Amino acid sequence: MALKVAIVGLPNVGKSTLFNALTETAAAQAANYPFCTIEPNVGDVAVPEPRLDALAKVAGSKEIVPARINFVDVAGLVRGASKGEGLGNQFLANIRDCDAVAFVTRCFEGGDIVHVEGRVDPLGDLEIIETELMLADLESLEKRLPSLEKKAKTGGDKEAGKTVELINLALAELRAGRPARVAYPKVSKEDDKAWWMLQLLTALPALYVCNVDEGSAATGNALSEVVAKRAAADGARAVVISAKIEAEIALLDPAERAEFLETLDLTEPGLNKLIRDAYSLLGLQTYFTAGPKESRAWTIHVGDTAPQAAGVIHSDFEKGFIRAETIAFEDYVGLGGESRAREAGKLRAEGKTYVVKDGDVMNFLFSG
């Protein structure tokens, strides 16, 4: 399952610095002027998963294969982006095929970084970004609506009629100054696919990233607390990160990172929490396969059944699913692997209705 998260924000709030840290590269140019990033940078990042190391050790795996997540560094938005200001339409288009949006806000005062609005106001930043995305969604839907209404009325096109209903559902929120995601709870399960085919920018789940000064990386500050309250009110998530510190961590050897984090009173890089929060926001979880060849993490949705989990590996596994031999992670590691778990009665044969749990170690039997 390919997960893609757009990193969005005003110019000079730390987006590209954060992206560089995530990808442990200098792929995204970080400079102190607007529109430094024009083409979107895309980085493929391993999802931090300490359980994989434990599994590989027990299974004697030659290789460890983590799950992956893609981050897209979208150029800084400005007022008027929805109308093309600052090449805005080009930038907004890069968000449409993402699964979630991480809004990066500046939560530090001073320094030599120039804020495009001439002030430090993270809530103001969020308002500008959200407004531009809502305006873009409004324009997109209002352009599409007349032809779809005509198809539904004169041609009796049921699919067009359903799309019109969903568009009007979204427009009601957008015209009231609210993002389209507010309407999502009203969308039926049968219409879920059609809803996401609208490709609305403000329908995407949102994560607010508070870029703080180095001294506030472990505790946050008054500005990040304001953003956290806004996130709670919006049903979003907020995470505190110092992009500058994360960029420094990314340049260190793995052996040096723990020591550096300890000096900052941090137990882990903030980026690990960012990725975990993105997973949680999207309702995702992890299951494992383990053996002498490799130990691998697989990403699935919370609530997926065993056949659906098998289908993430290969569609044939889902089509020909027979059963899944399943061991809880704690039992697999605690008992010393599959054979001993089987002897202890901790290996379960699960059928098509089994709902996979986070951390399950699975082996699928299927007919070819």
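Residues numbered from 1 in each chain as written. Predicted model: local features only at pLDDT ≥ 70, side-chain atom pairs only at ≥ 80, totals over all residues. Heavy atoms only, no water.

**Q** Before we go on, may I ask you to explain the overall build of the protein in this structure?
**A** Along the protein, the regular secondary structure elements total 14 helices and 12 strands. Within the protein, the fraction of its 368 residues that count as buried is 49%. Residue pairs in contact within the protein that sit at least 24 positions apart in sequence constitute 68% of those at least 6 positions apart. For the protein, the exposed surface amounts to about 17,600 Å²; the carbon and sulfur share of it is 52%. (Helix = DSSP H or I, 4+ residues; strand = E, 2+ residues; numbered from the N terminus. Buried < 20%, exposed > 50% of the residue type's maximum accessible area, 1.4 Å probe, protein only. Contact = heavy atoms within 4.5 Å. Areas by Shrake-Rupley, 256 points an atom, 1.4 Å probe, with all protein chains shown as cover.)

**Q** Even after reading the chapter, I still don't get the sheet that holds strand S2 (residues 41-46), so can you show me in this structure?
**A** Each strand in a sheet pairs with another by means of backbone hydrogen bonds, the pair being arranged parallel or else antiparallel. Spatially, 6 strands are ordered S2-S4-S1-S5-S6-S7 in an open sheet, and the strand pairing comes out mixed. Sheet topology places S2 and strand S7 (237-241) at the edges, where each strand pairs with a single neighbour. Strand-to-strand twist of the sheet, defined as the mean angle between neighbouring strand axes without regard to direction, takes the value 25 degrees. With 7 bridges joining them, strand S5 (residues 100-107) and strand S6 (residues 206-212) adopt parallel strand pairing. (Pairing = 2+ DSSP bridges. Axes fitted to C-alpha atoms, helices over the stretch in contact; angles between N-to-C directions.)

**Q** Quick question: what am I supposed to make of the packing of aromatic side chains here?
**A** Aromatic ring pairs are reported here in terms of the distance separating the ring centres and the angle at which the planes meet. Overall, the coordinates contain 7 aromatic pairs when judged by the stated rule. When the centroid spacing of 5.3 Å and the interplanar angle of 55 degrees are considered together, the rings of Tyr-184 and Trp-196 count as tilted. Linking Tyr-184 in the loop between helix H5 (158-175) and helix H6 (192-196) with Trp-196 in helix H6, this pair joins segments that are 12 residues apart in sequence. Residue class for Tyr-184 comes out partly exposed when judged on its relative accessible area of 31%. Classification of Trp-196 by relative accessible area gives partly exposed; the value is 32%. Through a chain of ring-to-ring contacts, three or more aromatic side chains come together here, namely Tyr-184, Trp-195 and Trp-196. Residue placement shows Arg-51 over the ring face of Phe-329; its charged tip is 5.9 Å from the ring centre. (Phe/Tyr/Trp six-rings, centres within 6.5 Å; stacked < 30°, edge-to-face > 60°. Lys NZ or Arg CZ within 6 Å of the ring centre and 35° of its normal.)

**Q** Before we go on, may I ask you to explain the pattern of salt bridges in this structure?
**A** Oppositely charged side chains can form a pair if their charged atoms are brought close together. Here the structure, examined in full by the defined rule, presents 22 salt bridges. One salt bridge connects Arg-175 with Glu-142, and the closest N-O pair in it is separated by 3.2 Å. Residue Arg-175 is located in helix H5, and its partner Glu-142 is located in helix H4 (residues 122-154); the two are separated by 33 residues in the primary sequence. Take Arg-175: its relative accessible area is 53%, and that puts it in the exposed class. You can call Glu-142 partly exposed: its relative accessible area is 39%. Taken together, the shared-partner salt bridges in this structure form one network comprising Glu-49, Arg-51 and Asp-358. (Salt bridge = Lys/Arg side-chain N within 4 Å of Asp/Glu carboxyl O.)

**Q** Whenever I open this one, the nonpolar core confuses me. Can you help?
**A** Nonpolar side chains tend toward joint burial in soluble globular proteins. Judged by nonpolar contacts, the single largest core of 64 residues is most densely connected at Leu-18, Leu-22, Ile-69, Phe-71, Ile-95, Phe-103 and Leu-274. In contact with Phe-71, not counting residues within four places along its chain, are Val-5, Ile-7, Phe-19, Leu-22, Asn-41, Val-42, Gly-43, Val-45 and Ile-275. Counting residues in hydrophobic clusters, the runner-up holds 19 residues, among them Ala-170, Leu-171, Ala-180 and Leu-198. (Core = buried A, V, L, I, M, F, W, Y, C linked by side-chain atoms within 4.5 Å.)

**Q** Please explain the environment of Phe-108 as it appears in this structure.
**A** Looking at the element boundaries, Phe-108 is found in the loop between S5 and H4. The class for Phe-108 is buried, based on a relative accessible area of 15%.

**Q** Would you mind going over the pairing of S7 with me for this structure?
**A** Within a regular beta strand, the side chains point alternately toward one face of the sheet and then the other, so they alternate between its two faces. The pairing of S6 with S7 spans 5 bridges and is classified as parallel. Across the sheet, residue Leu-207 finds its bridge partner in S7, namely Arg-237. The β-α-β motif built from S6, the intervening helix H7 (residues 222-234) and the parallel element S7 has right-handed crossover chirality. (Right-handed = clockwise from strand over helix to strand, strands pointing away.)

**Q** Please clarify how H4 should be interpreted in this entry.
**A** Because an α-helix completes one turn every 3.6 residues, residues spaced three or four positions apart along the sequence face the same direction. The first and last C-alpha atoms of H4 sit 48 Å apart over 33 residues, in line with the 48 Å expected at 1.5 Å per residue. Within H4, the axis deviates most sharply at Leu-145, by approximately 35 degrees, and proline Pro-146 lies no more than four positions further along. In the stretch just after H4, Gly-156 is the one whose phi turns positive, near 65 degrees. (Expected span 1.5 Å × (residues − 1). Bend = angle between axes of the 7 residues up to and from the residue.)

**Q** Explain the environment of Ile-245 here, please?
**A** Looking at the element boundaries, Ile-245 is found in helix H8 (residues 243-250). Judged by its relative accessible area of 1%, Ile-245 falls in the buried class. A sequence separation of 32 residues divides Ile-245 from Asp-213, and the C-alpha atoms of the two residues are 8.7 Å apart.

**Q** Hey, could you run me through a negative patch on the surface in this one?
**A** A cluster of acidic residues, Asp-253, Glu-256, Glu-259, Glu-262 and Asp-265, forms a negative patch on the protein surface. Along the chain, Asp-253 falls in the loop between H8 and helix H9 (254-263). (Patch = residues over 30% accessible without salt bridge, like charges linked within 9 Å, V, L, I, M, F, W, Y side chains within 5 Å. Lys, Arg positive; Asp, Glu negative; His and termini not counted. Charge placed at Lys NZ, Arg CZ, Asp CG, Glu CD.)

**Q** I tried to follow helix H2 (residues 50-59) on my own but got confused; where do I start?
**A** The complete set of buried residues in H2 reads Leu-52, Leu-55, Ala-56 and Ala-59. Buried residues of H2 fall within an arc of 100 degrees about the axis and therefore sit on the same side. Exposed side of H2, more than 90 degrees from the buried face: Pro-50 and Lys-57 are the residues found there. Elements that come into contact with the buried residues of H2 comprise strand S3 (63-65), strand S8 (284-290), strand S9 (294-301), helix H13 (329-335) and strand S12 (361-366). (Arc of directions from axis to C-beta.)

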